[in-house]
Amino acid sequence: MPRSTRRRPALAHPAVEEIDLYDVLHALSDPTRMTIVRILRAEPERACGTFPVDVAPSTLSHHFKVLRESGVINQREEGNRRFSALRTVDLERRFPGLLDTVLAALARNEHGAEPAAEPAWHG
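1. Notes on the overall build of the protein
Piece 1. On a plain count of helices and strands, the protein comes out with five helices and three strands.
Piece 2. Reading the protein from its N end, one meets helices and strands in the order α-α-β-α-β-β-α-α.
Piece 3. Taking all 123 residues of the protein together, 33% fall into the buried category.
Piece 4. Look at the contacts in the protein between residues 6 or more apart in sequence, and 68% of them connect residues 24 or more apart.

This is how it looks when you write it as structure tokens:
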């Protein structure tokens, strides 16, 4: 059976100035997507099918799309594989400290650290 000659559509990546804070925060609000982000923080690039997440391939594709279209990751195709990389420089330029803050908060949450007490209101 002959292979299709149809090409996949080009991957959409927002320009740095188009990265929206609400889209980034939405993308970072999901545990599976945060697993992807943490792995990409430690590795410069990784093939999409190699992330240790327990979701269906179609669901994983959706998570990558959300991350890509929000500006959190960049993806490139090489043959029949797709590789992902974190857009660390772009995110830092657009929202300084955001990614580090979110990752640090997640690490504190996972290690059972108590959040800092809020000051009492004296009004």
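2. Comments concerning the nonpolar core
Piece 1. Within the largest apolar cluster, 24 residues are counted, with the highest numbers of intra-cluster contacts made by Val-24, Val-37 and Val-72.
Piece 2. Those elements giving two or more residues to this core turn out to be helix 1 (21-27), helix 2 (31-42), helix 3 (57-70) and helix 5 (98-110).
Piece 3. The element best represented in this core is helix 2, accounting for five residues.
Piece 4. When neighbours within four sequence positions are excluded, Val-24 is seen to be in contact with Ile-19, Ser-70, Val-72, Leu-91, Phe-95 and Leu-98.

The rules behind the values
- Residues numbered from 1 in each chain as written.
- Predicted model: local features only at pLDDT ≥ 70, side-chain atom pairs only at ≥ 80, totals over all residues.
- Heavy atoms only, no water.
- Helix = DSSP H or I, 4+ residues; strand = E, 2+ residues; numbered from the N terminus.
- Buried < 20%, exposed > 50% of the residue type's maximum accessible area, 1.4 Å probe, protein only.
- Contact = heavy atoms within 4.5 Å.
- Core = buried A, V, L, I, M, F, W, Y, C linked by side-chain atoms within 4.5 Å.

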